[in-house]
Amino acid sequence: MKPLKEFTIPFVGLKVGKHHFDFDIDNKFFEYFGYEDFNSSNLKVDVEFVKKSTLLELHFEVSGTVNVNCDVTNEPYDQALENAFDLVVKFGEEYNDENIDILIISHGEYEISIQQYVYELIVLAMPTKRIHPGIEDGTLDSDILEKLEELSPKEKDIKEDQEETDPRWNTLKKLLTDK
């Protein structure tokens, strides 16, 4: 996969110390990865880049909203997202990204691509079950919710089933209460 140019940080020309990078993320970013779960997105990613003499430290923070469909009603709504991630970049003999928090790049590298880390930070911030806030507080009017309410079992039906037990069981129940 070809790296996105705006998510590549050339660190060779940077001075030792802190640097800030800001990225605005929309759906074009997710189309690049083939991720189509978001109807729209309005996210801001702040990257604090600390260059030291022997390593690089990156602190990612994402905040904003994505428009997704509810898992229960399929109604679109805006889901707020916030997440953070720390990454340490060390220099070694060969590229190694097996550890989650540590990236090892070869000594000759002069830039680092952070697009994959930004993508994973956002996707992993999504809740596993997406529920419209109107469902939780009862303000959402939806045809699907009305149909679910209509088809759900009622308490009356459950009580009637319990009352219509076979009379032979009543004699056995007496054995439980007798001592």
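In the block above lies the structure referred to throughout.
Residues numbered from 1 in each chain as written. Predicted model: local features only at pLDDT ≥ 70, side-chain atom pairs only at ≥ 80, totals over all residues. Heavy atoms only, no water.

Moving on, we get to the packing of aromatic side chains. Here the structure, examined in full by the defined rule, presents 16 aromatic pairs. Between Phe 29 and Phe 30, the aromatic rings sit 5.4 Å apart at their centres with planes inclined by 80 degrees, giving edge-to-face as the arrangement. Relative to Tyr 117, the ring of Phe 85 lies with its centre 6.1 Å away and its plane at 15 degrees, an arrangement referred to as stacked. Pair noted here: Phe 85 is in strand β5 (residues 76-92) and Tyr 117 is in helix α2 (residues 115-125), with a separation of 32 residues, a long-range link. Joined through ring pairs, the aromatic side chains of Phe 7, Phe 23, Phe 29, Phe 30, Tyr 32, Phe 33, Tyr 35, Phe 38 and Tyr 119 make up one cluster. (Phe/Tyr/Trp six-rings, centres within 6.5 Å; stacked < 30°, edge-to-face > 60°. Helix = DSSP H or I, 4+ residues; strand = E, 2+ residues; numbered from the N terminus.)

What follows concerns a negative patch on the surface. Residues Asp 22, Asp 24, Asp 26, Glu 31 and Glu 36 make up a contiguous surface patch of negative charge. Here Asp 26 shows up in the loop between β2 (17-25) and α1 (27-33). (Patch = residues over 30% accessible without salt bridge, like charges linked within 9 Å, V, L, I, M, F, W, Y side chains within 5 Å. Areas by Shrake-Rupley, 256 points an atom, 1.4 Å probe, with all protein chains shown as cover. Salt bridge = Lys/Arg side-chain N within 4 Å of Asp/Glu carboxyl O. Lys, Arg positive; Asp, Glu negative; His and termini not counted. Charge placed at Lys NZ, Arg CZ, Asp CG, Glu CD.)

Right, let's get into the nonpolar core. Ile 25, Phe 29, Phe 30, Phe 60, Ile 114, Val 118 and Ile 122 are the most contacted members of the largest nonpolar core, which has 38 residues in total. For this core, the secondary-structure elements that each account for two or more residues are β2, α1, β3 (40-51), β4 (55-69), β5, β6 (102-106) and α2. (Core = buried A, V, L, I, M, F, W, Y, C linked by side-chain atoms within 4.5 Å. Buried < 20%, exposed > 50% of the residue type's maximum accessible area, 1.4 Å probe, protein only.)

The tally for this structure, following the rule as stated, stands at three salt bridges. Across the pair Asp 37 and Arg 130 runs a salt bridge whose closest N-O atoms are separated by 3.5 Å. Here Asp 37 is found in the loop between α1 and β3, whereas its partner Arg 130 is found in the loop between α2 and α3 (133-137), with 93 residues between them in sequence. Between Lys 52 and Glu 57 there is a salt bridge, with the nearest N and O atoms lying 3.2 Å from each other. With relative accessibility at 35%, the residue Lys 52 sits in the partly exposed group. Since its relative accessible area comes to 30%, Glu 57 is described here as partly exposed.

With that settled, consider the pairing of β5. Here β4 runs beside β5; their pairing, made up of 15 bridges, is antiparallel. Note that in β5 the partner of Val 66 across the bridge is Gln 79. The antiparallel hairpin formed by β4 and β5 contains six residues in its connecting segment, where Asn 74 sits at a positive phi of about 65 degrees. The pairing of β5 with β6 spans five bridges and is classified as parallel. Bridging across to β6, Phe 91 finds its partner in Ile 105. (Pairing = 2+ DSSP bridges.)

So, to be careful, I would describe these as geometric facts and stop short of saying anything about function.
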